Amino acid sequence: MSVLPLVFTSGWASGINAYAVVLLLGLLGAAGVSDDVPAALQRPDVLIAAGVLFACEAVADKIPYVDSVWDSVHTVVRPVAGAVVAALLAGQSGSLPEFAAGAVGGATALASHLVKAGTRMAVNTSPEPFSNILVSIAEDLGVAGIVTFALFHPVAAASVAAALLLAGIATTLFLASRIRRFLRRRARRRERRPAPAGVAAGPPE
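Predicted model only: the values in this text are computed from it and were never measured.

A. Representation of the pattern of salt bridges within the structure. If you walk through the whole model with that rule in mind, you get 9 salt bridges. Close ionic contact of Asp61 with Lys116 constitutes a salt bridge, the shortest N to O distance being 3.2 Å. Of the two residues, Asp61 sits in the loop between helix H2 (44-60) and helix H3 (66-93) while Lys116 sits in helix H4 (residues 98-123), which places them 55 residues apart along the sequence. On the basis of relative accessibility, which here comes to 1%, the residue Asp61 falls in the buried class. A salt bridge links Glu139 to Arg120, with the shortest nitrogen-to-oxygen separation between them at 3.0 Å. Of the two residues, Glu139 is situated in helix H5 (residues 130-152) and Arg120 in helix H4; the sequence distance between them amounts to 19 residues. What you see here is one network of salt bridges that share partners, running through Asp61, Asp67, Lys116, Arg120 and Glu139.

B. Up close: unusual backbone geometry. In the Ramachandran plot, Tyr65 falls in the positive-phi region, its phi being about 70° despite a non-glycine side chain. Structurally, Tyr65 can be placed in the loop between H2 and H3.

C. Just the packing of helix H1 (residues 4-30) against H2, in detail. Orientation of H1 relative to H2, taken along the N-to-C sense of each, is 145°, at an axis distance of 9 Å. Crossing of H1 over H2 shows left-handed handedness. Each of Ile16, Asn17, Tyr19, Ala20, Val22, Leu23, Gly26 and Leu27 in H1 lies in contact with H2, whose residues at this interface are Val46, Leu47, Ala50, Gly51, Leu53, Phe54 and Glu57. Considering only residue class, the contact of H1 with H2 consists of 11 nonpolar, 3 polar and 1 charged.

D. Inspection of the environment of Gly106 at higher detail. Within the secondary structure layout, Gly106 lies in helix H4. Through-space distance from the C-alpha of Gly106 to that of Gly82 is 4.9 Å; in sequence the pair is 24 residues apart. Apart from residues no more than four positions distant in its own chain, Gly106 is found in contact with Pro79, Gly82 and Ala83.

E. View of the side chain of Asp67. Within the secondary structure, Asp67 sits in helix H3. What makes Asp67 buried here is its relative accessible area of 0%. Reaching out from Asp67, the side chain makes a polar contact with the side chain of Arg120 at a distance of 2.9 Å. At 3.0 Å, the side chain of Asp67 forms a polar contact with the side chain of Asn132. Discounting residues that sit within four places of it in the chain, Asp67 has contacts with Ala60, Asp61, Arg120, Asn124 and Asn132.

F. Examining the environment of Leu134 more closely. Along the polypeptide, Leu134 turns up in helix H5. Relative accessible area serves as the criterion here: at 59%, Leu134 is assigned to the exposed category. For the pair Leu134 and Lys62, spaced 72 residues apart in sequence, the C-alpha separation works out to 8.2 Å.

G. Examining the layout of surface pockets more closely. Roughly 360 Å³ of volume is contained in the largest pocket. As for the largest pocket, its lining consists of 16 residues, and the residues nearest its centre are Trp12, Ile16, Val115, Glu139 and Leu164. The set of elements that each furnish at least two residues to the lining of the largest pocket consists of H1, H4, H5 and helix H6 (154-192). Grouping the constituent residues of the lining of the largest pocket by class yields 9 nonpolar, 5 polar and 2 charged. Its boundaries defined by the atoms lining it, the second largest pocket holds a volume of some 210 Å³.

Conventions and cut-offs
- Residues numbered from 1 in each chain as written.
- Predicted model: local features only at pLDDT ≥ 70, side-chain atom pairs only at ≥ 80, totals over all residues.
- Heavy atoms only, no water.
- Salt bridge = Lys/Arg side-chain N within 4 Å of Asp/Glu carboxyl O.
- Helix = DSSP H or I, 4+ residues; strand = E, 2+ residues; numbered from the N terminus.
- Buried < 20%, exposed > 50% of the residue type's maximum accessible area, 1.4 Å probe, protein only.
- Axes fitted to C-alpha atoms, helices over the stretch in contact; angles between N-to-C directions.
- Left-handed = near helix turned anticlockwise from the far one by under 90°.
- Contact = heavy atoms within 4.5 Å.
- Nonpolar A, V, L, I, M, F, W, Y, C, P; charged D, E, K, R; others polar.
- Polar contact = N/O pair within 3.5 Å; in protein donor to acceptor, adjacent residues only side chain to side chain.
- 1 Å grid on protein atoms, 1.4 Å probe; cavity = no way out; pocket = protein on both sides within 12 Å on 5 of 7 lines; lining within 4 Å.
- Points joined across faces, edges and corners; volume = space filled by probe spheres on them.

Interpretation note: all reported values are geometric properties and have no functional meaning in isolation.
Dropping the structure here:
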């Protein structure tokens, strides 16, 4: 069977949390759960580095506005990680050229990263911090569940990942228009707000 569905799913997941993908695949491979995981992802140094970075992301991803800064820093990291993981999976399988797999994984990771970053910008307009925590937990659980599912049912998992990606793009576009309208309304209210008492209405004559 072609490794393309697994490549696509790992790319989608890497765009959301690349460190979780590397850590989860490495642990599942080291535990003997799947033979599809490359040995490079099972190395102890890779697992330790992925675990430490995943812990950092787990904290930063739940703090309003810090998550957006973290996302901006990872605009390059996540697509590159998605491409590398995809190429390694293709090399392990031998059913797809590594360059083609890297291109698919990197492009999919970039798309899902942009959806994640856009959604977080919209969530940050909420005055309470709990939305960030709930969204972050949902993302982590989704990545863990779909990546694990993909090792056993790659085609079905890829279908779910594609549906989530399309839904995420539509949601991001919808939220972007709402944010722009909200900012325009707030700017108009500020313009109509009367000046405080004692403030001159215009320059002295």
